[in-house]
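# Coordinate inspection notes
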Amino acid sequence: MSIFTTKTEKPEQTTKQRLVKNSLLLISAEAISKLTALLIQIIAARYLGSKGYGMFSYAFVGTGVLLNFVDHGFRVYTTREISNDFTRAKSILKNIIFLKKIITTISIVIISTAYTIIPLDSKDLQVIFLISIAMIVDGYSEINLGVFRAFEKMKEVSILMISQRALFFITGGLGILFLDFGIVEFSSAFLLTTTLFFLISRKMVSSLLDKEIFQQKSLNWRSVLENSMPICLVIFFSYIYFRLDVAFLFFLHGKAQAGFYTASFKIIESLTLLIAGIRASLFPVISKDTFHDSRQLSRISRELYRVLLLICVPISIGIIFISEYLVEVLYGSGYGPTSSIIKIMGASFFLIALNEFSIFLLLAVKKTQIAIQITLLAAIFNFTLNWVLIPSWGTFGAAISFAFTQVFIFSIAYMKLKKNLGIVFP
């Protein structure tokens, strides 16, 4: 179906058809790619041990705090702005890449300086170096995915998502199983995967934009920076309350505790990302078609809210009851402490899905300042709880902080959506 509405199509019907089609595509792709990713994480946790897996997990957090929020922020901005005006696609992408190069250079300097001060052994530094380069490369791929989402090319997005996980499973997962990979080799496989994925996605984006016949509008990079940075701030604060606990555990309680906690978090994260396909398909639709129509926005939002509740509440209950069995099957007896962490996180799983939807809804309708307020308060709240609880309670304290942060976000987001958008969820 064309992304443009013809004269004979009813706008409401066209929006619903696109939403259903895109949701099914993305949910299917998310299911395959995230289950594959979870399988890779399970293999890594089992065969690298809690210390090796903990080091691998920390490397993502330690470098991601400087890189992830920019990359995902740029992707969201790219999707939102291009979906509003296709004629600016090439100009937006050109300026985003220019800004990405500058920020990447600054990030490399900061990371290099930081790890000359922090005492780590040579193997740990190798892992951090490999993961840092991989995440820099992956950031460019995220921007490419943002372009496809803007054009609602969800088939291409699905293919790219699945192929990326498949590549890493072949190079990294099978490497651990059959070639006895250690943590350094596994990190090298991740770098190889991200590089190949970037080359594939760049080729596909170039092919897509070359086919467009729109007259391109020029766009100043300063304008792109000014409008994209607020979104990056939202992602940055979200990253803090989702990931900072791993850094606390790594430095205060060691690699093993970070590994136990990450093993729990990966299960919750994988389930959350499976549900995210619904939200991702809705984002360009709201950005383009509904943010100026309060009735349509409210109707679509309420329906999705109901769907998320129907899906996620039973999952939350199920996680609580099967946590011990789940850990035993996935990770083995060596990860016993993980089951209690999953219980606590699982209880808040449905709130995670609702909160993520609320934040992305605000970004889609350009209420970015409200999203910044919510995520900033959540980051401060989570940091404070982690600072108080983790030194004494370790992984249990981190899980409690995580769950209470989701309750905190839900309370604020509910009030903000009602006050600023007039959306009252059932």
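This is a predicted model, so every value here is computed, not measured.

### Comments concerning the pattern of salt bridges
- Summed over the entire model, instances satisfying the criterion amount to one salt bridge.
- Between K343 and E324 there is a salt bridge whose closest N-O contact spans 3.3 Å. Here K343 is found in helix α9 (residues 338-347), whereas its partner E324 is found in helix α8 (residues 294-330), with 19 residues between them in sequence.
- According to the relative accessible area criterion, K343 is partly exposed, its value standing at 27%.

### Some words on helix α4 (residues 154-179)
- In this model, α4 (26 residues) spans 35 Å end to end at C-alpha, consistent with the 38 Å of a helix rising 1.5 Å per residue.
- Its maximal kink placed at F169, α4 deviates by approximately 35 degrees.
- Looking only at α4, the buried set comprises M154, V157, S158, L160, M161, Q164, F168, T171, G172, G173, G175 and I176.
- Downstream of α4 by one or two residues, D180 has phi in the positive range, about 60 degrees.

### Details of a nonpolar patch on the surface
- Taken together, the side chains of I317, I320, F321, I322, Y325 and V329 make up a nonpolar region of the molecular surface, amounting to roughly 630 Å² of accessible area.
- With respect to the element layout, I317 can be found in helix α8.
- Of the residues examined, I317 reaches a relative accessible area of 44% and is grouped as partly exposed.

### Notes on the nonpolar core
- In terms of nonpolar packing, the biggest core is built from 123 residues, with Y261 and Y331 touching the most fellow members.
- Looking at which element gives the most residues to this core, the answer is helix α1 (residues 11-84), with 20 residues.

### A few points about the confidence of the model for the chain
- When pLDDT is averaged across the chain, the result is 77; 82% of the residues are at 70 or more.
- Confidence, read as mean pLDDT per element, is least for helix α7 (residues 255-290) in the chain (70) and greatest for helix α11 (residues 368-421) (88).
- A low-confidence stretch, residues 1-13 (pLDDT under 50), is modelled with 15 contacts involving residues beyond four sequence positions or located in other chains.

### Some points on the packing of helix α2 (residues 89-117) against helix α3 (residues 122-150)
- Contact geometry of α2 with α3 gives a least axis separation of 11 Å together with a crossing angle of 165 degrees. As summarised for this structure, α2 and α3 are arranged roughly antiparallel, according to the angle between their axes. For the crossing formed where α2 meets α3, the hand is right-handed. Judged by residue contacts, L93, I96, I97, K100, K101, T104, I108, I111 and Y115 of α2 engage L125, I128, S132, I136, G139, Y140, I143 and V147 from α3.
- In terms of residue class, the contact of α2 with α3 is built from 12 nonpolar, three polar and two charged.

Rules of the game
Every chain is numbered independently, its residues counted from 1 as its sequence is written. Under the rules for a predicted model, residues below a pLDDT of 70 receive no local features and side-chain atom pairs below 80 are neither given nor counted, while totals for whole chains, interfaces and linings still include all residues. Where side-chain values are given, they derive from all heavy atoms of the structure, hydrogens and water being excluded. Whenever Lys or Arg places a side-chain nitrogen within 4 Å of a carboxyl oxygen from Asp or Glu, that contact is recorded as a salt bridge. Here a helix means four or more residues in a row that DSSP labels H or I, a strand means two or more in a row labelled E, and each is numbered from the N terminus. Accessible area is worked out with a 1.4 Å probe on protein chains only. A residue is then buried under 20% of its type maximum, exposed over 50%, and partly exposed in between. What a helix is expected to span follows from its residue count: subtract one and scale by 1.5 Å. By definition, a residue's bend is the angle between the axes fitted to the seven residues ending there and the seven starting there. A patch consists of residues whose relative accessible area exceeds 30% and which take part in no salt bridge; residues with like charges are grouped when within 9 Å of each other, and nonpolar side chains (Val, Leu, Ile, Met, Phe, Trp, Tyr) when within 5 Å. Here the accessible surface of atoms and residues is derived via Shrake-Rupley with a 1.4 Å probe, and residues count as covered only by protein chains that are part of the display. Residue types Ala, Val, Leu, Ile, Met, Phe, Trp, Tyr and Cys, when buried and joined through side-chain atoms within 4.5 Å, form a set referred to as a nonpolar core. What pLDDT expresses is the predictor's confidence in each residue, scored from 0 to 100. Whether two residues are in contact is decided by their heavy atoms: any pair within 4.5 Å suffices. Lines fitted to C-alpha atoms define the axes here, with helix axes fitted over just the stretch in contact, and angles between the N-to-C directions of these axes take values from 0 to 180 degrees. Throughout this description, any angle smaller than 35 degrees is read as roughly parallel, any larger than 145 degrees as roughly antiparallel, any in the 65 to 115 degree range as roughly perpendicular, and the remainder as oblique. Crossing handedness is read from the near helix: turned anticlockwise from the far helix by less than a right angle, it gives a left-handed crossing, and turned clockwise, a right-handed one. Ten residue types, Ala, Val, Leu, Ile, Met, Phe, Trp, Tyr, Cys and Pro, are classed as nonpolar, four, Asp, Glu, Lys and Arg, as charged, and the remainder, Gly among them, as polar.

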